[in-house]
Structure formats: structure tokens, C-alpha cells
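Listed here are the chains, written in short residue letters.
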Amino acid sequence: MATRVIPPRILKNIKYNTATATATATATTKPLNSAHPSILSSTAVALPSLYEKADHQKPPSSSPVTTAAKSSLLNLDDAEKLFSSVSTSKLLRSSAVLHATAMGPMVDFGMWIMKSRLMQTGVMKDFVMAAIKKTFFENFCAGEDAADAGRSIRWLNEVGLRGMLVYGVEDAHDNEGCDRNLKGFLHTVDVSRSLPLNSVSFVIVKITAICPMQLLERVSDLLRWQQKDPSFNLPWKQDCLPIFAESSPLYHTQKRPEPLTPEEEKDLELANQRLLELCQKCVKANIPLLVDAEHTTVQPAIDYFTYSSAIMHNKDDNPIVYGTIQTYLKDAKERLLLTAKGADKMGVPMGYKLVRGAYMSTESKLAESLGYASPIHNTIQATHKCFNDCSSFLLEKIANGPGNVVLATHNVESGKLAAAKAHDLGMGKVNHKMEFAQLYGMSEALSFGLSNAGFQVSKYMPFGPVEMVMPYLLRRAEENRGLLAASGFDRQLMRKELGRRLKAAVF
Ligand SMILES: Cc1cc2nc3c(=O)[nH]c(=O)nc-3n(C[C@H](O)[C@H](O)[C@H](O)COP(=O)(O)OP(=O)(O)OC[C@H]3O[C@@H](n4cnc5c(N)ncnc54)[C@H](O)[C@@H]3O)c2cc1C
């Protein structure tokens, strides 16, 4: 989930069969909105204060009645209760930052400054960086180093949430950079182990930071060509789950790629070793490793690394390596079904993080520049449906068998539907197989609401020096531009709560 530009190498004459891209998945799943209606309403029921020790810290209850009662408490209307553990200063800053990022011209101005020559002058740069640190950085990031991140996680833990620790590095372009980044990821596992038990739900890894980008593109090209021509031999390829479905776009690779050179094979082996070292450390620490998804240019290689590692490390209904499915892609559901089937066949318990996806404009621009249809669903409704269908499929699957799921969304409707579905299936805090997740600094109302209802909820928390996480911050600003629905909902509730506190202080 980093900000980057599509390399000119792939901006060549490529053809794409739009007919295949619109093919739909055949499997049928029970729709999420078939859930019990009670949970979809916002019935106000007395909740324990968030200042009290969070319920998930207590031993899980085995009583289904308790779970049902808790689940029916998904209440996103009571701003006072939702933000009871958030200080007024934090609420003010959050509200101001979310408002600023929702204003298109403000985001454009900020981006212009960041990319302008003004940033090359020492005083101006220091001033801008200090301003960013006090506002956007503190709102969306866990801190500048592991100690800061630890403090943020402890606070979250006290209010009943968990943290996904993200060492906020960018793509790497050579082995030295990859080795440096690996150290950062390994250190993140150490930091997680030093924090209160279960306060860190996942350590996140970006394959683009431990395998050079150019190699990821080469491997993706080769995998795509093998999908077009199954007789195409890839001697380096390890056991893997299906990476493509029939509807997957292959337009990035038009002509038969050259095999990897001995040098490239050596670099691929180094990247495998880095991921292996990280996986082994996570197995030892019993902390799952979640692999982020990027744009389609390199995603086949990322899935290849993810699935081959999962086959090695996911055992006994304990997934250590999780992959990410981007449901804004037209082929997402068909791919998920194929991969899940493949994992079942091999007896591999899979963990999936479900997201809508963060590279919408990059994907559409690339496809358009090549003369092909966008790989993203034609309408936002189709994306919502895809997310909810995949969520429904995975919840049903893990309720009755191996595997875990992280539902990473700020969408209130998707949150409610999934909570209701989980409730119907008898899942929730009793069943540690599912987790909701939101980005740190976003959708606090949904996070607290789901947590109050008894679900496990994590915040995605990047940490690192301000300059290092700047691409992440720019993406946050860009994504929130123009009144993004989720931040609009949060901003409205924050305003309401700030108004209430002001009144309470004055009168
Ligand atoms: C914990 C976490 C981890 C994440 N990790 C990743 C990751 O590894 N890789 C990744 O790519 N993304 C990732 N994301 C997703 C991304 O950062 C955005 O948060 C996400 O795309 C917004 O979707 P939402 O589910 O929050 O829903 P909403 O708040 O409802 O957002 C909907 C947004 O989806 C977009 N959209 C999608 N499809 C369409 C369409 N067809 N037409 C128009 N608009 C459309 C629009 O921008 C719209 O604003 C992650 C998100 C979270 C919360």
C-alpha cells in the first residue's frame, strides 16, 4: 500500500480481451444481508465504558447467549459512548485533519507544496515537516520509532483495540535496500513480542520492500505468460496456490518474456530467503504475518510469494502467512474461490485480509493508456457487492472449517453486514478466527462500535521517521479527498461529540 508510479516499461502496446475481464464468478454464497435484522438496527443498549478493561482481555465466554447479546450491541449512533476514551485534544486534531483531507483544493495545495522546489530549501522543509508531524503524521501514524509505536499500541490495548504494526518503508530497488528493510520488519516482530500479549494482532510486510521492484515485475510477467501458455516452464517456481482466474487481466504482458537470468534467479532466491527468515521469526513469536496487496503490475509475484510461504508455514488451523484480496478488482471473487479451493485441496489453512483497494486511479490510468478496460469494477456498487460477497463467503467458510479472515474496511454498511453475518454464524469474540480492521486515525466510530459489540478490532499502524512514511501520508490525503463516505460519517460524529463536550463545559 505504498505510493508509486507505474514504470514506463509496461506502458507499451498491449492488448486486452475485455470480454474475459467481465466474466463473473460462478459460485453462489448466501448474501450477507440475509442476517438477523436486529443487528442492523442501532438499538441503544447500555454498554460498558471504554475506560473499563476491554471485554476481549477477559477469558472468552463459551455461552452463545452472551455472544448474541454482545453482537446485537453494534451501536454507531451514540457519539458520547463511542468516543468516551478519546481525549478532547485528540478528537479536535482528528476532526481537523479529516476535514482538511476531505477538501480537494487543500489536498491539492498540500501535494503541490510537497512536490515543489520549496521543499529543497532547508527552512521551508523543516517548517512543512514540523507542521505535517503535528497534524497528519500524529493522526495517521503510530510514531517515529518502535518505542513510540509501542506507546500507541498500549493506549489502543487499554481501550479494547489491537494494533497491526507496519514498518512504513517504501519499495526497494536493490538487494542492499531489501536487506535494510528486512531488518526493520524483523525488529517489528521483536517490538510486537515485547508488548502486552495479543495487543499486536499482525505484523505487516510489503513484499515490494524485500524484493526489488524490477524483479517483482519480471516474475509477474513470467507468471502471467505461464497462465497464457501452461507449457511455459518456470524452473524456479515453488508449490503455489492459483494466482489467476479466467477473468484475470493479463494485458501487462504482451510478448513472451525472457527467462530469468542467473543473476535474477540469485536475487529471487535472496528474496525468498528474506521472507523465509521473517516467516520463521513470526512462527517462533506466534504472530501472524500479513502481506499487503499492491497494484496489478506486481501483484501476481506478491501472491506467488504469499501462497508459497503459506504452504510452508500455515499448519493445524493456525495461519501464519495471510494474503490480501482487493475486491475492487473484477476478478477478485473468482480468484478468491479458486485459491480457497486450492488451499483446501492441499490442506493449507489460509488467512485472508479483505480490502476494497487503494490503487484505483493508477489501475484505471494504466489500463486506459494501453487501450484496455479498467480491471476495477465499473461501479462502486459492484465493488461493494464484491466485498460483501467475498466477506460472506469467507465467514461461512471459516465458521465451518480452517482459515481466518481480516475484514479491513471503513465502510459502515459492510461492517454492519459482516457483524450480522458473524452473529448468525455464532462467531465474534468467542471465535478468534475473524478480525475487523481500520486504518489508524480513520473510522474510529466503526472501530469502537464493533469492539463494543464484542468483535476483535485492529488498527493498521505505520511507524517510522516522517520522511519515510510520507508516501503513505500522501496516499491517505489523496484517498480522503472529496468527502470520502467513511471519513464523512466519522467527522459528523466527532463534531457532535465535540459540541456536546463544549456545551457540557460551558453550561
Ligand atoms: C487495515 C487496512 C488495510 C488495507 N490494506 C490494503 C492493501 O494492502 N492494499 C490495498 O490496495 N488496499 C488496502 N486497504 C484499502 C484502502 O486503503 C482503502 O481503505 C479502501 O480502498 C477504502 O475502502 P473501504 O472498504 O474502507 O470502503 P469505503 O470507505 O466505502 O471506500 C470506498 C472507496 O472505494 C473506492 N472504489 C472502489 N471501487 C470503486 C468503483 N468501482 N467505483 C468508484 N469508486 C470505487 C472509492 O475511492 C471509494 O471512495 C486497506 C484498508 C484497511 C482498512
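Residues numbered from 1 in each chain as written. Predicted model: local features only at pLDDT ≥ 70, side-chain atom pairs only at ≥ 80, totals over all residues.

1. Considering the overall build of the chain
- If you tally the helices and strands in the chain, you get 20 helices and eight strands.
- Per-residue burial over the chain gives 49% buried out of 507 residues. (Helix = DSSP H or I, 4+ residues; strand = E, 2+ residues; numbered from the N terminus. Buried ≥ 20, exposed ≤ 12 C-beta atoms within 10 Å, placed from the backbone.)

2. Examining the sheet that holds strand S8 (residues 457-463)
- Reading around the barrel, the eight strands line up as S1-S2-S3-S4-S5-S6-S7-S8 and close back on themselves, with parallel pairing between neighbours. Neighbour-to-neighbour, the strand axes of the sheet open up by a mean angle of 30°, direction not taken into account.
- Inspection of the sheet shows strand S5 (residues 351-355) paired to strand S6 (residues 404-408) by four bridges, in the parallel sense. Paired with glycine 351 across the two strands is asparagine 404, which belongs to S6.
- Helix H12 (residues 262-285) contacts strand S2 (200-205), strand S3 (289-291) and strand S4 (321-326) of the sheet and is inclined by roughly 140° relative to S3. (Pairing = 2+ DSSP bridges. Axes fitted to C-alpha atoms, helices over the stretch in contact; angles between N-to-C directions. Contact = placed C-beta atoms within 7 Å.)

3. A short note on the site of the ligand
- Lining the immediate environment of the ligand, one finds 30 residues, of which Asp292, Thr383, Ala408, Thr409 and His410 sit closest.
- Put simply, the parts of the chain that give the shell around the ligand at least two residues each are S4, helix H16 (380-400), strand S7 (434-439) and helix H20 (485-506).
- Counted by class, the shell around the ligand contains 17 nonpolar, ten polar and three charged residues. (Near = placed C-beta within 6 Å. Nonpolar A, V, L, I, M, F, W, Y, C, P; charged D, E, K, R; others polar.)

4. Remarks on helix H11 (residues 213-228)
- Taking 1.5 Å as the rise per residue, H11 with 16 residues should run 22 Å; its terminal C-alpha atoms sit 23 Å apart, in good agreement.
- Where H11 is concerned, the buried positions are Met213, Leu215, Leu216, Glu217, Arg218, Val219, Ser220, Asp221, Leu222, Leu223 and Arg224. (Expected span 1.5 Å × (residues − 1).)

5. A closer look at the environment of alanine 245
- Note on placement: alanine 245 falls in the loop between H11 and H12.
- When the C-alpha atoms of alanine 245 and leucine 336 are compared, they prove to be 8.8 Å apart, with 91 residues separating the residues in sequence.
- For alanine 245, the contacting residues outside a window of four places in its chain are Asp331, Glu334, Arg335 and Leu338.

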